[in-house]
Amino acid sequence: MDAARAGGMAAVLALPLLGFRLVDSAEGLSLGVRLSWVAYAAIAVFAARLAWIYISPPPERGSNRIWLASALLRHLPPLPNPLPLRGRGDSSLNFPSPPEGERS
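Notes on the structure follow. (Residues numbered from 1 in each chain as written. Predicted model: local features only at pLDDT ≥ 70, side-chain atom pairs only at ≥ 80, totals over all residues. Heavy atoms only, no water.)

## Describing the overall build of the protein chain
Next up, step 1: In terms of helices and strands, the protein chain carries three helices and two strands.
Next up, step 2: Overall, the protein chain shows an N-to-C arrangement of helices and strands of α-β-β-α-α.
Next up, step 3: Summed over all atoms, the accessible surface of the protein chain reaches about 9,500 Å², with 65% contributed by carbon and sulfur. (Helix = DSSP H or I, 4+ residues; strand = E, 2+ residues; numbered from the N terminus. Areas by Shrake-Rupley, 256 points an atom, 1.4 Å probe, with all protein chains shown as cover.)

Below, the structure is given as structure tokens:
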């Protein structure tokens, strides 16, 4: 059921991206339909999701399903502070001070 839902969602998302093309003819531009490309994309996503379901081990009872994301986030370095704040105290909201020449 999960693979069918993923395939259907892929078809919906692929329709505006892959399903239409501009055809240049003697009468002018027209819109052509490529539903076969949408079907191929949906089948590919369905098959990949189905393979992923059967290849991946089942989660243990009570385990956290986002263990991979949490494991990756633990090993990432902390992001640098792009805007160091100047001010006093931890409880007040501190905004950066403007340069000396621009104060009004």
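There is more to say, and it comes next.
## Here's the deal with the pairing of strand β2 (residues 28-33)
Every other side chain in a regular strand lies on the same face of the sheet, so the side chains alternate between the two faces.
Next up, step 1: Sheet topology places strand β1 (residues 20-25) next to β2; six bridges connect them, and they run antiparallel. From the neighbouring strand, S25 faces β2, where its bridge partner is G28.
Next up, step 2: Where β1 hands over to β2, the hairpin turn is made up of two residues, counted between the paired strands. (Pairing = 2+ DSSP bridges.)

## So, the pattern of salt bridges
Next up, step 1: This model, assessed by the stated rule, comprises one salt bridge.
Next up, step 2: Where D2 meets R49, a salt bridge forms, and the shortest distance between an N and an O atom there is 2.4 Å. Here the residue D2 occupies a position in helix α1 (residues 2-18), and R49 occupies one in helix α2 (residues 35-55), the gap between them amounting to 47 residues.
Next up, step 3: Owing to a relative accessible area of 29%, R49 belongs among the partly exposed residues under this scheme. (Salt bridge = Lys/Arg side-chain N within 4 Å of Asp/Glu carboxyl O. Buried < 20%, exposed > 50% of the residue type's maximum accessible area, 1.4 Å probe, protein only.)

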